[in-house]
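Close look at the chain arrangement
For reference, the chains in residue letters:
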Amino acid sequence: MQTKLEKLEKNRVLLELEADPKEVADAFHQAYRKVVQKLTVPGFRKGKTPRKVLEQHYGKDVFLQDATEILVTRGYYEALIEHKLEPVDHPEIDFSEPLEEGKSFKFQAKVEVLPEVELGEYKGIALAKANPVVTDEEIEAELKALQERHAELVGADKTVLEKGDFAVIDFEGYLDGEPFPGGAAQGYTLEVGSGSFIPGFEEGLLGMALGEEREVKATFPEDYPQTTLAGKEAVFKVKLHEIKVKEYPVLDDEFAQSLGNFKTMEELKEDLKKRRLAEKEYQAAREFEDQVVEKAVEGSKVELTDTLIDRELNYLIHNMEHDFEDRGLKLEEYLKYSNKTLADLRAELRPQAERRVKTDLVLSAIAKAEGITVSEDEIKERLEYLLQFYSPATQEKMMKEQKENVVERIRTSLEREKTVKLLVDAVQKPESEEKGKEVKTE
Amino acid sequence: MDAHEIIKKPVVTEKSTRLLEMNKYCFMVDRRASKIQIKQAIEELFKVKVKDVNTMRVLGKIKRMGKHEGRRPSWKKAVVTLEPGNRIEFFEGV
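As a starting point, this report considers the structure included with it. Every value quoted in this text rests on a predicted model; they were computed, and no experiment measured them.

Take the interface of chain B and chain A next. Residue-level contacts link seven residues of chain B with nine residues of chain A. Of the roughly 670 Å² buried at the junction of chain B and chain A (both faces included), carbon and sulfur atoms supply 52%. The interface formed by chain B and chain A holds one salt bridge in total. On the surface where chain B and chain A come into contact, there are two residue pairs in polar contact (both at pLDDT 80 or more). Taken together, the residues of the side of chain B that touches chain A sort by class into two nonpolar, three polar and two charged.

Quick look at the structure:
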């Protein structure tokens, strides 16, 4: 097979291929082997018919299509390997003269390949990493939240209800003198002033004494979900049973001890700080990685084509569809709700898709340039790690049906991780950052 | 009888294809034809020299359509051996 490569615009290449007569004959023979299994001729068992008999019975061209297919496929893939091409689409195959035995066969294939990446400076990107600090205020806020979470409602020795108190009440609502469904409850605990009831109700309770019964008028808002009630004025008969207040735990050593393995308040604070810092550092490291990658991508040049972007778009939309499904929604419903068409959505996602495609291409180009490889052992290790998150049944299914896929995905992601690590390690830290050196860059 | 009446058609089956290697050709022939007649007819039609002719009567298969029994026609098969160096082109194409 002779191959000639010619580059066309838009990442497309033209392959000119020529098979010599011997290859053509081979292809015909293969085609016969394939066809003979399918066709029958009276007097012969399936698969036993001689080639000549088949040709006479079904016409000269029985093998033509299969032979052409065999030749084209073989030639095309050989050419891909020979020229190290990575197609992103199906090829367009063309031939001017039909295949004929005893002659050579010429054909051409046009296909879009992965674009070449012109890498920019990706090593030694100057970028400062944010040094996360945890301030005392943040710790205070965390403590406050803890306090809030551990607060208890206790009976207050008060006789008059004030804003911010918790009232335990019975109430029954009447609309034009008639009770309405959902308008009554007993022993209900309500935070006065929280605004969880309709306007006017909580205000009407202020100043109530213990054991007092009172009638409160309140109007349902116009946009109340229950349309039969919206905008109507209702009368509630309310009885106040108890007044409670929220009691916050005192922030002392005892409180710290109740939370677990802490002896003193100081220890608790220390721990909070440590955890907060770790969290922030992790976040900062991620952000830093993203920034580094972004810089590396920015500095590189890639000619993107619609084929690639469309594929990524399809992928993104497919993912979205799944997300919606998890939430019990259909993509069409979402589109209708947000008044968009699929085309709008695609246009909206396009920049994102472009960025993703470019990032992928640049990172894999860097991986290639740096000779980053992933060993079988590494893949195995990761595979085992990932598998433990699935049930045995799912595991088995995955290993059986999609092993290739899974391994390929793991390979890609490991390669990416390594590449990103290389990029991050190669970052030039500005002088002022020297002090922060001991902070580990993940 | 005319040569064309004697030799009806070639028999093309796996078995007959195998016989070609031994320079033997199979034909469906008229049931009444004798080996001598067959030899003469083949020599006349294909312009070859015949060494030997073996014949056999092939009984038609019994076939039934429901309760009606029938029989496919019986016929005569001739295996013609040619003298070395002779070939019948007609079969070559087959």
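Now for the sheet that holds strand β6 (residues 75–82) of chain B. All names here are of chain B. In space, the four strands of this open sheet follow the order β1-β2-β6-β3, with antiparallel pairing throughout. In this open sheet, the two strands that pair with only one neighbour each are β1 (7–10) and β3 (50–58). Taking the axes of each pair of neighbouring strands and ignoring which way they run, one obtains an average angle of 35° across the sheet. Inspection of the sheet shows β3 paired to β6 by eight bridges, in the antiparallel sense. Looking at β6, one finds that Val50 is bridged to Leu82. Relative to β3, helix α3 (residues 35–46) is tilted by about 120°, and along the sheet it contacts β1, β2 (24–29), β3 and β6.

Following the criterion strictly, the structure yields eight salt bridges over all chains and no others. When the shortest N-O distance is used, the salt bridge between Lys34 of chain A and Asp66 of chain A registers 2.9 Å. Taken together, the positions of Lys34 of chain A in helix α1 (residues 21–35) and Asp66 of chain A in helix α3 (residues 64–82) put the pair 32 residues apart, joining distant regions of the chain. For Asp66 of chain A, a relative accessible area of 15% gives the class buried. A salt bridge links Arg45 of chain A to Glu14 of chain B; the shortest N-O distance between them is 2.9 Å.

Conventions and cut-offs
Residues numbered from 1 in each chain as written. Chains lettered and ligands numbered in written order. Predicted model: local features only at pLDDT ≥ 70, side-chain atom pairs only at ≥ 80, totals over all residues. Heavy atoms only, no water. Contact = heavy atoms within 4.5 Å. Buried area = accessible area lost by both parts, 1.4 Å probe. Salt bridge = Lys/Arg side-chain N within 4 Å of Asp/Glu carboxyl O. Polar contact = N/O pair within 3.5 Å; in protein donor to acceptor, adjacent residues only side chain to side chain. Nonpolar A, V, L, I, M, F, W, Y, C, P; charged D, E, K, R; others polar. Pairing = 2+ DSSP bridges. Helix = DSSP H or I, 4+ residues; strand = E, 2+ residues; numbered from the N terminus. Axes fitted to C-alpha atoms, helices over the stretch in contact; angles between N-to-C directions. Buried < 20%, exposed > 50% of the residue type's maximum accessible area, 1.4 Å probe, protein only.

Geometry only, nothing functional implied.
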